[in-house]
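Descriptive analysis of the structure
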Amino acid sequence: MTTPEDGTDAVEPEGSHQGAEAFRSEADAESVTLETDRPHPARIYDYWLGGKDNFPPDRAAAEHAISVSPDIPQAARENRAYLRRAVRLAVEAGIRQFVDIGSGLPAQGNVHEVAQEIAPDARVVYIDNDPIVLAHGRALLADNRSTTVLTGDLRDLDELLDRPALRELIDLSKPVAVLMMAVLHFVDDDQATAAVRAVHKRVVPGSYLLLSHSTAEGNPERAAAAARTWDKTTSGIRLRNRARVEEFFEGWELLEPGVDFVPLWRPEGSTHGSTRWMYAGAGRKI
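Residues numbered from 1 in each chain as written. Predicted model: local features only at pLDDT ≥ 70, side-chain atom pairs only at ≥ 80, totals over all residues. Heavy atoms only, no water.

1. So, the pattern of salt bridges
Just so we agree on the cut-off: The salt bridge criterion pairs a side-chain nitrogen of Lys or Arg with a carboxyl oxygen of Asp or Glu, the two atoms within 4 Å. Secondary structure elements follow DSSP: runs of H or I no shorter than four residues count as helices, runs of E no shorter than two count as strands, and numbering proceeds from the N terminus. The rule is simple: take the accessible area with a 1.4 Å probe, protein chains only, and divide by the maximum for that residue type; under 20% is buried, over 50% is exposed, in between is partly exposed.
Counted according to the given criterion, the structure contains 14 salt bridges. Arg88 is the salt-bridge partner of Glu268, the closest N and O atoms lying 2.5 Å from each other. With a gap of 180 residues between them, Glu268 in the loop between β7 (260-261) and β8 (278-285) and Arg88 in helix α4 (residues 72-92) connect regions that are remote in the sequence. The exposed category is assigned to Glu268, whose relative accessible area is 62%. Where Arg155 meets Asp153, a salt bridge forms, and the shortest distance between an N and an O atom there is 2.8 Å. Accessibility expressed as a relative area gives 46% for Arg155, which makes it partly exposed. In this structure Asp153 comes out as buried when scored by relative accessible area, which is 15%. Salt bridges linked by common partners bring Asp158, Asp162, Arg167 and Arg202 together as one network.

2. Remarks on the pairing of strand β3 (residues 147-151)
The condition is simple: Pairing between two strands is assigned when DSSP locates at least 2 bridges connecting them. Here is how to tell: hold the view so the strands point away, follow the path from the first strand over the helix to the second, and if it runs clockwise the crossover is right-handed.
Burial analysis of β3 places 5 of its 5 residues in the buried class, the great majority of the element. Neither face of β3 is open: one carries Thr147, Val149 and Thr151, the other Thr148 and Leu150, and all of them are buried. As judged from the 5 bridges shared by strand β2 (residues 123-128) and β3, these two strands associate in the parallel manner. Looking at the pairing, Val124 lines up with Thr147 of β3. As a crossover connection, the stretch from β2 through helix α6 (residues 131-140) into β3 is right-handed.

3. Structural notes on the side chain of Asn54
Selection criterion: Every residue pair with non-hydrogen atoms within 4.5 Å of one another is taken to be in contact.
Considering the arrangement of structural elements, one finds Asn54 in the loop between α2 (41-48) and α3 (56-68). Apart from residues lying up to four places away in sequence, Asn54 is in contact with Arg43, Asp46, Tyr47 and Arg59.

4. Remarks on the environment of Leu166
By the element assignment, Leu166 lies in helix α8 (residues 164-167). A relative accessible area of 0% means that Leu166 is categorised as buried. Separated by 16 residues in the primary sequence, Leu166 and Leu150 place their C-alpha atoms 8.0 Å from one another. Excluding its chain neighbours within four sequence positions, the residues that come into contact with Leu166 are Val99, Val125, Ile127, Leu150, Leu160 and Leu161.

5. A look at the side chain of Asp130
How we decide: We call two N or O atoms a polar contact when they sit within 3.5 Å, provided that within protein one can donate a hydrogen and the other can accept it, with sequence-adjacent residues counted only if both atoms are side-chain atoms.
With respect to the helices, strands and loops of the structure, Asp130 is situated in the loop between β2 and α6. Within the structure, the side chain of Asp130 is placed 3.2 Å from the side chain of Arg43, a separation counted as a polar contact. When neighbours within four sequence positions are excluded, Asp130 is seen to be in contact with His40, Ala42 and Arg43.

6. Details of the nonpolar core
Going by this rule: Among the buried residues, those of types Ala, Val, Leu, Ile, Met, Phe, Trp, Tyr and Cys that are joined through side-chain atoms within 4.5 Å form a nonpolar core.
The biggest cluster of nonpolar side chains holds 50 residues, and the ones touching the most others in it are Trp48, Tyr82, Val87, Phe98, Val111, Leu179 and Leu210. No other element matches the 10 residues that α4 contributes to this core. Non-local contacts of Val87, meaning those with residues more than four positions away in its chain, are made with Phe98, Val111, Val114, Ala115, Leu179 and Leu210. By size, the runner-up hydrophobic cluster in this structure holds 35 residues, among which are Leu154, Ala195, Val203 and Phe261.

Right under this line is the structure:
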C-alpha cells in the first residue's frame with residue numbers, strides 16, 4: 001500500500017483529517033498480538049508474491065503448497081492482476097469509494113494506487129484481521145488522507161461498515177465497490193453467505209461486489225493436498241465450486257463473463273499457461 005509514486009497528494013475529502021485521526025487513535029490504543037508462531041493467510045500470500053513480511057511458519061506453509069503445485073505463486077500473481085482489472089472497471093464506471101475486505105499485506109498495484117491513478121479523488125478503506133497489515137498501513141499511508149486501513153473481520157461486517165473511521169471516508173448513501181479478494185474461502189458457508197448479503201443490504205444501487213475465490217475444480221487431483229497449506233492457520237480453507245461462487249451474486253447483476261477462472265476474466269493479454277486455482281466475478285447492484 002505505497003503512496004502514489006509521483007508524489008502528488010490525493011484529493012482530501014471533507015472530514016478525512018478526522019478519519020485519519022480516528023485511525024491513528026484506534027491503532028495506538030490496540031494491543032497488538034502478531035501470533036508469529038503460526039501461519040497467517042495474509043503472510044502466506046505475501047510470501048507467494050515475493051514479499052518479506054512473513055515468518056518461518058508462514059514460509060513453511062507457503063512452501064508446502066509450492067511442493068504440491070509449483071504454479072500456486074503464479075495464481076497469487078494472477079489474482080492481483082484481476083484485482084487491478086476489477087478496480088479499473090469500477091473506477092471507469094464512476095465509482096470513487098472502495099472497501100477492500102481481507103486486503104492482505106502491501107503488494108504492487110494496491111487498490112488505492114490503481115483507483116487514484118485514474119481518479120485522484122477516490123477513497124479507499126482496507127480491512128484485514130492481521131495486525132501486521134495495520135502496522136504497515138499506519139506507516140505507508142500516513143500522508144494519504146484519502147486512504148486508511150483498519151483491523152476487522154468479514155464476519156462482523158455490520159460493525160465494520162458502521163465504524164466511524166470507515167464512515168469518515170466512505171459514504172454508504174453513494175455507490176461503493178466492495179472487494180472480497182481471496183477471503184470468503186476462509187469462512188464457512190453460512191458466514192460467507194451472511195457477509196455478501198450484509199454487503200448487498202448496506203450498499204446502494206450502482207455499487208459493485210468484486211470477489212475471487214479458491215476452487216478445487218481446476219485441479220481436482222492436487223486440491224486436497226494443497227488445501228493442507230492452511231491447516232495450522234486459525235481459519236483453514238474451503239474450496240468451493242463455480243455454482244457456489246455464483247450464488248454469492250444473488251441479487252446482483254453478474255457482469256460478463258460471469259464467474260470464470262481468474263486469468264480468464266476479461267484478460268488483457270495471453271492466457272496461455274495460466275492457472276485454474278481461483279474463480280473471479282463482479283456484480284453490480286441494480
